[in-house]
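If you want the building blocks of each chain, they are given just below.
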Amino acid sequence: MNNYAVEIKDVTKQFKTYSNPINRLKEIFYESRKFSEDFTALKGVDLKIPKGQTIGLIGENGSGKSTLLQLICGILKPTQGEVSVNGKISALLELGAGFNPEFTGKENVYMNGAIQGFTKEEMDVRLPAIEDFAEIGEFINKPVKTYSSGMYVRLAFASAINVDPDILIVDEALAVGDLYFQLKCIEKIKDFKKNGKTIIYVSHDTYSVKNICDYVVWIDKGLVREQGDPIQIVPRFEDFMKMKKDVVTNTKHLKEDTDASDLALNILEANFFEYMTKNKKQQFEINDGMTVLIKYDLLKPIEEIVAGVAIFGPDGTSVCGLNTKLDNEIIKPSLGENQILIHYNQLNLFPGTYNIHVGFFEKEAIGRLDYKAGLGSFNVISSSYKGEGIVLINHKWEVN
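Residues numbered from 1 in each chain as written. Predicted model: local features only at pLDDT ≥ 70, side-chain atom pairs only at ≥ 80, totals over all residues. Heavy atoms only, no water.

A. Broad picture of the nonpolar core. One finds Ile58, Leu155 and Phe157 to be the most contacted residues of the largest nonpolar core, which totals 43 residues. Going through the elements one at a time, α4 (120-134), α5 (149-161), β6 (167-171), α6 (179-194), β7 (198-202), α7 (206-212), β8 (215-220) and α8 (230-242) are the ones with two or more residues in this core. It is α5 that provides the largest number of residues to this core, a total of eight residues. Among the nonpolar cores identified, the runner-up in size contains 33 residues, and Met290, Ile305, Val309 and Leu375 belong to it. (Core = buried A, V, L, I, M, F, W, Y, C linked by side-chain atoms within 4.5 Å. Buried < 20%, exposed > 50% of the residue type's maximum accessible area, 1.4 Å probe, protein only. Helix = DSSP H or I, 4+ residues; strand = E, 2+ residues; numbered from the N terminus.)

B. Representation of the packing of aromatic side chains in the model. Within the structure shown, the criterion is met by ten aromatic pairs. Ring plane angle 50° and centroid distance 5.5 Å describe the contact between Phe272 and Phe378, whose orientation is recorded as tilted. Of this pair, Phe272 sits in strand β10 (residues 265-274) while Phe378 is found in strand β17 (residues 368-381), placing the two residues 106 residues apart along the sequence. Looking at Phe272, the relative accessible area reads 2%, which means it is buried. Phe378 sits in the buried class, given a relative accessible area of 0%. Put simply, the rings of Phe272, Phe284, Tyr354 and Phe378 pair up and form one aromatic cluster. Directly above the ring of Phe240 sits Arg225, whose terminal nitrogen or CZ lies 4.7 Å from the centroid. Residue placement shows Arg368 over the ring face of Tyr371; its charged tip is 4.6 Å from the ring centre. (Phe/Tyr/Trp six-rings, centres within 6.5 Å; stacked < 30°, edge-to-face > 60°. Lys NZ or Arg CZ within 6 Å of the ring centre and 35° of its normal.)

C. Just the pairing of β17, in detail. Note: strand β11 (residues 283-285) against β17, three bridges, orientation parallel. Bridge pairing in β17 links Phe284 to Val380. Bridge count between strand β16 (residues 352-362) and β17: nine bridges; the pairing is antiparallel. What sits directly across from Tyr354, in β17, is Phe378. Linking two consecutive strands that pair antiparallel, namely β16 and β17, is a turn of five residues; a positive phi of about 60° is found at Ala365 within it. (Pairing = 2+ DSSP bridges.)

D. Structural detail: the sheet that holds strand β14 (residues 318-323). A sheet is described by the order of its strands in space; here five strands give the open sequence β11-β17-β16-β13-β14, paired in mixed fashion. Because the sheet does not close on itself, it has two edges, and the strands there are β11 and β14. Ignoring which end each strand starts from, the neighbouring axes of this sheet average 30° apart. (Axes fitted to C-alpha atoms, helices over the stretch in contact; angles between N-to-C directions.)

E. Summary view of the pattern of salt bridges. One pass over the full model with this rule turns up 15 salt bridges. Taking the shortest distance from any N to any O, the salt bridge between Lys184 and Glu135 comes out at 2.4 Å. Placement of the pair is Lys184 in helix α6 and Glu135 in the loop between α4 and α5, with a sequence separation of 49 residues. A relative accessible area of 18% places Lys184 in the buried class. Two residues, Arg368 and Asp205, come together in a salt bridge whose shortest N-O distance is 3.2 Å. With Arg368 in strand β17 and Asp205 in the loop between β7 and α7, the pair connects residues that are 163 residues apart, well separated along the chain. (Salt bridge = Lys/Arg side-chain N within 4 Å of Asp/Glu carboxyl O.)

F. Layout of helix α2 (residues 65-73). With seven of nine residues buried, α2 is to be regarded as a mostly interior element. Among the residues of α2, those classed as buried are Lys65, Thr67, Leu68, Leu69, Gln70, Leu71 and Ile72. Of the residues one or two after α2, Gly74 is the one with positive phi, at around 85°.

G. View of the packing of α4 against α5. With their axes 8 Å apart at the nearest point, α4 and α5 run at an angle of 140° to one another. By the angle class used here, α4 and α5 are oblique. Judged by the twist between their axes, the crossing of α4 over α5 is right-handed. Packed against α4, whose contacting residues are Ile130, Phe133 and Ala134, the element α5 presents Arg154, Leu155, Phe157, Ala158, Ser159 and Ile161 at the interface. Here the contact of α4 with α5 is built from residues that sort into seven nonpolar, one polar and one charged. (Parallel < 35°, antiparallel > 145°, perpendicular 65-115°, else oblique. Left-handed = near helix turned anticlockwise from the far one by under 90°. Contact = heavy atoms within 4.5 Å. Nonpolar A, V, L, I, M, F, W, Y, C, P; charged D, E, K, R; others polar.)

H. Local environment of the pairing of β8. Most of β8 sits out of view: five of its six residues are buried. Two elements, strand β3 (residues 54-58) and β8, share four bridges in a ladder whose sense is parallel. Bridge pairing in β8 places Ile58 opposite Trp218. Here β8 runs beside strand β9 (residues 223-228); their pairing, made up of five bridges, is antiparallel. When the sheet's bridge partners are listed, Trp218 is paired in β9 with Glu226. With antiparallel pairing between neighbouring strands as the criterion, β8 and β9 make up a hairpin whose turn holds two residues, including Lys221 at a positive phi of roughly 55°.

Spelled out as structure tokens, the structure:
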């Protein structure tokens, strides 16, 4: 039995690039001359994806992730090497791929099914489930070119998951659309995981990668830079991205294409207090205790949520990230303004200014409701020199 859903052996993919469109024609007529340059998108990639695992692909834009996905889907052929796929694939690639804009939503669903090898009768059975999941109403009978980006991805995701694939590929699709549908998709992905399906998940939202994926592969400039446990690999990738001047982080309060009406929760503010008291303060001595009070508005009914607070050091290094799910604390908020407190009984931190990031998530701690970086800051001071670094670890010397 083959235990791998996908095997990629020494795969290289090159493309021809032209400085001017007319050079493409010149190359046809002047075979002895070259009017193009070779661009290598992937370079000798070796990768095995076990059946039943959820694999995250991470990397900056242009690293080769989408090219790798298209090779796995069979859309592209490798210039060198071999790609073996064991099972039926359903892929939700970048917005705009796969549907004919002139066809109606329903016609595209049937066309997608035919490509997957399903008869019209088999798709007749699946259509109600697709319509129910997509929730686009009468737009199912209208041309796709009239759809918003959110409606498009709803139908595309519904079509992809309802053909019972062995391998599901999701490339940045969950970044489009409203929060309600994103959470719905995440629930479906978790169902796929429970049923032993193989999932290849691509996202710039590294938080969801850490929470959804069993394994992560970091692609950098067409090479596999690192692969392994998401808890170990993702922070290294985040540090790498922080060092790039043109990085666009995922810590915006709202994505530019998100309507404010889609908000279910809004973080308001964070304040710092002396440990377990109402004495507000911003400056703490080493080993002092500290309480952080976070206020937020619940704008739409949600039965249960997860809160997370992370402390970042003066140089942007992650010092300590905690959330209520990890600590088995349940939050059942009310509509309107709420607050939550986290108590640190001892700040074993060296002097400096520390920032906190605050996030709220749905009950599985995967779908993000709101996230604010640098919501507040506090200072740690010391009357005497204690050492160097970020964390002052409790210790004792023994000298013989």
